[in-house]
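Chain and residue survey
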Amino acid sequence: MNSENIFQSIPDNIDEEIFETLAQSNNVKIERIISKGHQSPESGWYDETRNEWVIVLKGEAIIEYESGEQVKLVEGSFINIPAHTKHRVSWTKPDTETVWLAVHYSSAPGQ
């Protein structure tokens, strides 16, 4: 087994947000997300079927909920977004990468 580093293999040019699955099972998916000035489309809201726990490891971001509430995340900030809570990324730091770790998980077996 080899160890890896969450901050390695980040491309210099990030035209589109990068989503990479690091581990996955029936009940959980862990992914690395890399943003650089990216945001969700104005018309696009995430409406996940699983809960989503997210931490910003590097950079900064703002998560906006359909209600209009906004949460600013800086390095080390994390939030838990319950399933079917409509949300979007309204801003990420444009001059440096924002590296996220997202854990998508089910509350009940089989979900």
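Not measured: the values here are computed from a predicted model. (Residues numbered from 1 in each chain as written. Predicted model: local features only at pLDDT ≥ 70, side-chain atom pairs only at ≥ 80, totals over all residues. Heavy atoms only, no water.)

Comments concerning the side chain of N51
The condition is simple: Strands are runs of DSSP state E lasting at least two residues, helices are runs of H or I lasting at least four, and both sets are numbered from the N terminus onward. Polar contact is the term for a pair of N or O atoms within 3.5 Å; when the atoms are in protein, one must be able to donate a hydrogen and the other to accept it, and sequence-neighboring residues count only if both atoms are side-chain atoms. Whether two residues touch is decided by their heavy atoms; if any such pair falls within 4.5 Å, the residues are in contact.
Looking at the element boundaries, N51 is found in strand β3 (residues 51-58). Of the polar contacts made by the side chain of N51, one reaches the backbone nitrogen of A83; its length is 3.0 Å. In this structure, N51 is in contact with I81, P82, A83, V103, H104, Y105, S106 and S107, ignoring residues within four places of it in sequence.

Observations regarding the pairing of strand β1 (residues 18-24)
Quick note on the threshold: Two strands form a pair only when DSSP identifies at least two bridges running between them.
Relative to strand β2 (residues 28-35), β1 runs antiparallel, the two sharing 6 bridges. Across the sheet, the residue bridging to Q24 is K29, located in β2.

A word on the nonpolar core
What counts is decided by this rule: For this analysis, a nonpolar core means a set of buried residues of the types Ala, Val, Leu, Ile, Met, Phe, Trp, Tyr and Cys, connected via side-chain atoms within 4.5 Å. Buried means the residue's accessible area, taken with a 1.4 Å probe over protein chains only, is under 20% of the maximum for its type, while exposed means over 50%, and partly exposed covers the values in between.
I33, V54, V56, A61, I63, Y65, L73, I79, I81, V89, W100 and A102 form the largest nonpolar core, which has 12 residues in total. At the level of secondary structure, the elements contributing two or more residues to this core comprise β3, β4 (61-65), β6 (78-81) and β8 (98-105). Element by element, the count of residues in this core is highest for β4, at 3 residues. If we skip the residues at most four places from it in the chain, Y65 touches W45, V71, I79, I81, T85, K86 and H87. If you look at the next biggest cluster of nonpolar residues, it comprises 5 residues, including I10, I14, I18 and I34.

Considerations on the packing of aromatic side chains
Test applied: For Phe, Tyr and Trp, rings pair up if their centres lie within 6.5 Å, where Trp contributes its six-membered ring, and each pair is then called stacked (planes under 30 degrees apart), edge-to-face (over 60) or tilted (otherwise). Only when the NZ atom of a Lys or the CZ atom of an Arg is both within 6 Å of the ring centre and within 35 degrees of the ring normal do we say a charge sits over the ring.
Tallying each qualifying case throughout the model produces 1 aromatic pair. Ring centres of W53 and F78 lie 5.4 Å apart, and the angle between their planes is 40 degrees; this geometry places the pair in the tilted category. Highlighted residues: W53 in strand β3 and F78 in strand β6, separated in sequence by 25 residues. The class of W53 is partly exposed, set by a relative accessible area of 27%. Above the ring of W45, the side-chain terminus of R88 is found at 5.9 Å from the ring centroid.

Notes on the environment of W53
Along the sequence, W53 and E42 sit 11 residues apart, while their C-alpha atoms lie 23 Å from each other. Excluding anything up to four places from it in sequence, W53 contacts F78, I79, N80, L101, A102, V103 and Y105.

Let's talk about the sheet that holds strand β7 (residues 87-92)
Cut-off, in case you're wondering: Interaxial angle, 0 to 180 degrees, is taken between N-to-C directions of lines fitted to C-alpha atoms, where a helix line uses only the stretch in contact.
Sheet architecture is open: 3 strands sit in the order β5-β4-β7, paired in antiparallel fashion. Strand pairing shows two members of the sheet lacking a second neighbour, β5 (70-73) and β7, which therefore form its edges. Neighbour-to-neighbour, the strand axes of the sheet open up by a mean angle of 25 degrees, direction not taken into account. Sheet topology places β4 next to β5; 4 bridges connect them, and they run antiparallel. Residue pairing in the sheet places I62 in a bridge with K72 of β5.

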